[in-house]
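Next come the chains, spelled out residue by residue.
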Amino acid sequence: QGSSALHASVFACAHARVRGAFSAGAAMPETNITDVRVPLPWEVAVQHVELAKRKAADQFLAIWRANKDREDSELRWGEEVEYTLVSLADGGACAALCADEVLRRLGPETGSGEDPRSSAGWRTEYGNMMVEGVTQPAFTWSLEDILLIEESLVWRRKELARVAKEVDGEVEVVTLSAFPLLGVPGCTAPAAEPSPDGVVSQSVLCPDEATSPHPRYQTFTANYRKRKGCKVGALAPREGILSEQRLSADEVAQMPFDLARRQSRERDPVPGHIYMDSQAFGACNCCMQATFLTRNLDEARFLTDQFLVLAPIFLALSASTPFLRGLVADTDTRWPTFKQSWDDRSVEELGTLRNSRTSANDFYIGAGLAADTQACAAANDVEVPIHEPTLTRLVEGGVDELMSRHVAHLLARDPLMVFDDRLDIDDTKEADHWEQIQSTNWGTVRFKPPPCTGSIGWRVEFRSPDVQLTDFENAAVVGVIRALAQAIVEERWDLIIPISLCDANDDISASRNAASSSLFWFRDFSSGEAKQQPLRDILAGPNGLFVRLRGWLDRHGSCSAEAHKRLEVYMMLFEKRASGALPTPASFLRDQLKGHPEYKGDGVLPVAFVHSLCALAARASGERPGQPGGELGGLLG
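Residues numbered from 1 in each chain as written. Predicted model: local features only at pLDDT ≥ 70, side-chain atom pairs only at ≥ 80, totals over all residues. Heavy atoms only, no water.

Observations concerning the layout of surface pockets
As a volume, the second largest pocket reaches approximately 960 Å³. Looking at the second largest pocket, it is lined by 35 residues, and the ones nearest its centre are S248, A249, K339, Q340 and D507. At the level of elements, β9 (234–237), α7 (249–261), α10 (335–341) and α17 (499–509) are the ones that each hand at least two residues to the lining of the second largest pocket. Residue contributions to the lining of the second largest pocket peak at 5 residues, all from α7. Split into classes, the residues belonging to the lining of the second largest pocket amount to 15 nonpolar, 9 polar and 11 charged. (1 Å grid on protein atoms, 1.4 Å probe; cavity = no way out; pocket = protein on both sides within 12 Å on 5 of 7 lines; lining within 4 Å. Points joined across faces, edges and corners; volume = space filled by probe spheres on them. Helix = DSSP H or I, 4+ residues; strand = E, 2+ residues; numbered from the N terminus. Nonpolar A, V, L, I, M, F, W, Y, C, P; charged D, E, K, R; others polar.)

Next comes the structure, spelled out in structure tokens:
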């Protein structure tokens, strides 16, 4: 108790300048993160790591035993959108650091509470310019609810914009995957300076005020840095990078340690690359996610595996992140920056932990594979680290080895938020330690066991897509994934390819114009073998995903003509992106930059361009394809 109190005092003093962090009357909003206790600092928490891991394993085991035979018949699903608040005062463009106040006014939910088209839930996010909006109440499993998605998103954005304007009349709400100027001097409102000698990120580029003032995020960021042994460092190749300047993945992972040894405080220490030395550069990027309740454990495991194959495909189709730290990147998605900026591996672990805890998932977990050793070995063809005591504990407790290895792999990572008054909780009634580990391994897909309360069943979260500029596009992303989820489960589509090829697809998805120009590994349904194919064939070729989905819709019988038509419009958006008939948002944004009168062709974003981009993103968020007088015809068709 004493160590937590001391740590809280240190953080309160160090962050008095962080907006409302610990001031009287500034309680954090009721948004599922209501506990303002401060986690133990890493130098204290590390003493409890093995205890926390053991308790996490026991908590998972209790959940598994209580729910392994559970069946749910009333299925639901929901989506999450991460919004960015921007200030466009005086012709500028700044990240508006007022999310804490906006959330206080919104509360945990607004609206009727009875219809997702006039209700929303609100959640705190990592950045203090970010608000997460969620479906409230959840959609039903009827395909007709696909017709509700756009209306829900439109109402939610308007509600958020209304409250944001109450807080600051210059603030606009946008769905940009990355705020283009984060890390540029003067990029926040109110203005804030980086704190390279501070106690949180120690970034020379991004002020700590960009991070939510909630103690969870401030301490989490500091603990990441302390555990790693230096601050993080993401490196995105710049547009125009020379071939000899490109770094391998191993060189990128090593670079933060090299810069720390040099005590570098340079803004651009690596030629040809955009350097980003704070977790905010990854966690303040925005995505579109969807979570699906399944009927039972086996169905959740099966859907997780199929989603792993689809995740990099939809990341490429939704690519929206060509601008980072005021510069033009040679990549199109947020994921490489996210992966690198949340890599907590120490220098010694670079040779034993194969990737960041924000990398794509490392192996399949389906019950069918658990029963077929040969098929499992062929699919899971990559060696991954595991926490051996967890594996032994779960197998002895009756969990099959494949699921035990999944949990033991999660627990190969250390918990980074430990609370000293939660070390002795009853592992059959509470699951704090399991949830801490589960929620801080950020793969492209998340297998989600029920909470310890049993209030909901086995779920699967699809996490890869970049957020889109418009509500129409965001609805298209989750609408198509929703239909695919049901078709895949009902017809037992087997999309599995070796997991190493999923890794390769994850890397490919970030490439420039990957949706229309790159080849992805995908299963050839005639031979059953994986081969490289363009996305246009994967989606619309013989036995393509959308060809099969259309066939399923025709056979389904309970899908109205209107819902079928809406899904057809959504699928056509992605087919056109895959064929090159329409650009991805990343390509569209690059073209907008090239046409701006103040752009000099040097890869540096003019503030006037970012102002006009944010104004367009706020103004045209409700546009749909073919809309008369629309400003986004080049993006939507």
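What follows picks up the thread again.
A word on the environment of L147
Within the secondary structure, L147 sits in the loop between β6 (139–140) and α5 (149–167). Expressed as a C-alpha distance, the spacing of L147 and L411, which sit 264 residues apart in the sequence, is 40 Å. Once residues within four sequence positions are removed from consideration, L147 is found in contact with E562, A563 and R566. (Contact = heavy atoms within 4.5 Å.)

A short note on the nonpolar core
Looking at soluble globular proteins, one finds that nonpolar side chains tend to be buried together. Counting 188 residues, the largest nonpolar core has L85, F307 and Y364 as the members making the most contacts within it. For this core, the element with the most residues is helix α9 (residues 297–317), which contributes 14 residues. If we ignore the near neighbours within four places in the chain, the residues touching L85 are C94, A95, A96, C98, A99, V102, M129, V131, A164, V171, E172 and V173. (Core = buried A, V, L, I, M, F, W, Y, C linked by side-chain atoms within 4.5 Å. Buried < 20%, exposed > 50% of the residue type's maximum accessible area, 1.4 Å probe, protein only.)

Focus on helix α16 (residues 471–491)
Across its 21 residues, α16 extends 30 Å between first and last C-alpha, which sits within 8% of the 30 Å expected from 1.5 Å per residue. Counting buried positions along α16 gives 19 out of 21 residues, so the element sits mostly inside the fold. Phi for R492, located one or two positions after α16, is positive at around 55°. (Expected span 1.5 Å × (residues − 1).)

Some remarks on the packing of aromatic side chains
This model, assessed by the stated rule, comprises 21 aromatic pairs. Ring centres of W141 and F292 lie 6.3 Å apart, and the angle between their planes is 80°; on these two criteria the pair is classed as edge-to-face. Here W141, found in the loop between β6 and α5, pairs with F292, found in strand β11 (residues 288–293); they are 151 residues apart in sequence, far enough to count as distant. F292 carries the same exposure label as W141, and that label is buried. A cation sits over an aromatic face here: R492 above F302, 3.8 Å from the ring centre. The residue whose ring lies beneath R548 is W493, and the NZ or CZ to ring-centre distance is 4.5 Å. (Phe/Tyr/Trp six-rings, centres within 6.5 Å; stacked < 30°, edge-to-face > 60°. Lys NZ or Arg CZ within 6 Å of the ring centre and 35° of its normal.)

Let's talk about the pattern of salt bridges
Scanning the model with the defined rule gives 55 salt bridges in all. Of the charged contacts, one joins E631 and R619 as a salt bridge, the two residues approaching to 2.7 Å between their closest N and O atoms. On the criterion of sequence distance, the pair formed by E631 in the loop between α23 (607–619) and α24 (633–636) and R619 in helix α23 is long-range, its members being 12 residues apart. The exposure class assigned to E631 is partly exposed, which follows from its relative accessible area of 39%. When its relative accessible area of 53% is taken as the criterion, R619 is described as exposed. (Salt bridge = Lys/Arg side-chain N within 4 Å of Asp/Glu carboxyl O.)

A look at the packing of α16 against helix α20 (residues 545–556)
Their axes nearest at 10 Å, the elements α16 and α20 cross at an angle of 75°. Judged on the interaxial angle alone, α20 and α16 are roughly perpendicular. Seen from α16, the contacting residues are V480, A483, L484, Q486, A487, E490 and E491; seen from α20, they are L545, F546, L549, W552, R555 and H556. Looking at the contact of α16 with α20, its residues break down into 8 nonpolar, 2 polar and 3 charged. (Axes fitted to C-alpha atoms, helices over the stretch in contact; angles between N-to-C directions. Parallel < 35°, antiparallel > 145°, perpendicular 65-115°, else oblique.)

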